[in-house]
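# Examining the three-dimensional arrangement
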Amino acid sequence: MRAKDQDQVAKKCRPKHWARIFGRYSTSAPQEIYERYNECGPVRPDSLFKTADRLKITNSIIEADYGDGGAGLALGPELYGRENPACAYFPLHTHGKRKSLMAKWVPKGWKVKQPLDEICDYFGEKIGYYFSYLGFYCDWLLPLMIVGIIFFIAQIADGQIAIPALTIMAVLTIVWSCLFIEFWKRYQSRNRTRWGMTRFERLEQNRPQFRGTRIASMIDGKLIEYYGPLARLKKQLLSHSVILTLILAIVAAVTGFFFVQNLRQVQDSAFLSTLVSVLNGVQIQIFNQIYSYVAVKMNNYENHQTQSDYENSLISKLFAFKFINSYNSLFYIRFCSTLRL
């Protein structure tokens, strides 16, 4: 493009055309293209950083290693040891921004749309994603709720649960589930682009709890913390072995409960059936508490390099275990209860 054409394009561009476009800051670029934030009044007028950005920068400086210019303080579970007098750490509210956000978020009248961009700017992207998912999920539940009410009325009118059209409801629910996931992916990608979270993992710094060997990078020669894949694999194998053992313990416990219940001598005992159901419920809660503690310990043991890797690993562990723990009795009833011992 010629210089004359570039000037014409630049003249046609307005500040709104630069909204939610993220790039590296440069002092040589026209400063009017950068959005300014005046969230703290005269304290930080025309700041380049949002409230959440300032907090993340402060936190990264505190947690970053000495070699990277940080304080090297692990602001996490390690901070709350018995020998440490600290009980908690948290940022203070910016009262002016908080007040304006609450006026938009919790109005006196009826308002359906959430101020997601303002929530993200103030609380950060993680909280923004949380409330965007809740709002999206509630919106998608409305059509399913209407269909469910129609079928519920039909069940009441027919006087039975297993009405002939119930299969249609099951098919509609399956279609709704597939569409919900696909449309959420699109909505999530749109939010990721609008909030500047595309490929953010590439710039994510190491967790302060990460322990590696400082070596020179083979790419640019800079000092980096390196943790060998073999050492990580050994720790993951041990961690997964512990998790598998707990899962097998759950399966054994549930199998034992139903084994007692299905004994021919006591099959007609209403008391025993009730007792087995109560014990199964208690077992679910006890194993959830035990595993939540063990999962965090095993996740810390695996020595994940970034916070995203740490959280993804912990979520997968908790989801897999709690799914099996909560629903394995239903699978047993459906597929194994017909087997006579």
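This text gives an overview of the structure that appears in the document. (Residues numbered from 1 in each chain as written. Predicted model: local features only at pLDDT ≥ 70, side-chain atom pairs only at ≥ 80, totals over all residues. Heavy atoms only, no water.)

Tracing the backbone shows Leu141 in helix 5 (residues 125-158). Once the C-alpha coordinates of Leu141 and Phe180 are considered, the two residues, 39 residues apart in sequence, prove to be 9.5 Å apart. (Helix = DSSP H or I, 4+ residues; strand = E, 2+ residues; numbered from the N terminus.)

Turning to the pairing of strand 1 (residues 213-216), a few remarks are in order. Both faces of the sheet carry side chains from a regular strand, because those side chains alternate between them. Pairing of strand 1 with strand 2 (residues 223-226) involves four bridges; the strand directions are antiparallel. By the bridge assignment, Ala216 is partnered in strand 2 with Leu223. Following strand 1, the chain reverses through six residues before pairing antiparallel with strand 2; Gly221 in that reversal takes a positive phi of roughly 80°. (Pairing = 2+ DSSP bridges.)

Another aspect to go through is the packing of aromatic side chains. Here the structure, examined in full by the defined rule, presents 21 aromatic pairs. Geometrically, the ring pair formed by Tyr133 and Trp184 is edge-to-face, given 5.1 Å between the ring centres and 80° between the ring planes. Residue Tyr133 is located in helix 5, and its partner Trp184 is located in helix 6 (residues 166-194); the two are separated by 51 residues in the primary sequence. A relative accessible area of 32% places Tyr133 in the partly exposed class. Measuring from centroid to centroid gives 5.4 Å for Trp176 and Phe180, while their planes differ by 15°, and the two rings are stacked. Separated by four residues within a single helix, Trp176 and Phe180 lie in helix 6, roughly one turn from each other. Comparing Trp176 with Phe180, the two get one shared label, buried. (Phe/Tyr/Trp six-rings, centres within 6.5 Å; stacked < 30°, edge-to-face > 60°. Buried < 20%, exposed > 50% of the residue type's maximum accessible area, 1.4 Å probe, protein only.)

Residues Phe319, Phe323, Tyr327, Leu330, Phe331, Ile333 and Phe335 make up a contiguous nonpolar surface patch of roughly 760 Å² in combined accessible area. Structurally, Tyr327 can be placed in helix 9 (residues 307-335). On the accessibility criterion, Tyr327 (41% relative accessible area) is partly exposed. (Patch = residues over 30% accessible without salt bridge, like charges linked within 9 Å, V, L, I, M, F, W, Y side chains within 5 Å. Areas by Shrake-Rupley, 256 points an atom, 1.4 Å probe, with all protein chains shown as cover. Salt bridge = Lys/Arg side-chain N within 4 Å of Asp/Glu carboxyl O.)

This brings us to the side chain of Asn288. By the secondary structure assignment, Asn288 is in helix 8 (residues 270-301). Dropping the residues within four chain positions of it, Asn288 is found in contact with Phe321, Lys322 and Asn325. (Contact = heavy atoms within 4.5 Å.)

What follows concerns the nonpolar core. Counting 18 residues, the largest nonpolar core has Leu116, Phe136, Trp140, Trp176, Phe180, Tyr187 and Trp195 as the members making the most contacts within it. At the level of secondary structure, the elements contributing two or more residues to this core comprise helix 4 (116-123), helix 5 and helix 6. Not counting residues up to four positions away in its chain, the partners in contact with Phe180 are Tyr133, Phe136, Tyr137 and Trp140. Formed by 15 residues, the second largest nonpolar core is a distinct cluster that contains Leu246, Ile247, Phe258 and Tyr291. (Core = buried A, V, L, I, M, F, W, Y, C linked by side-chain atoms within 4.5 Å.)

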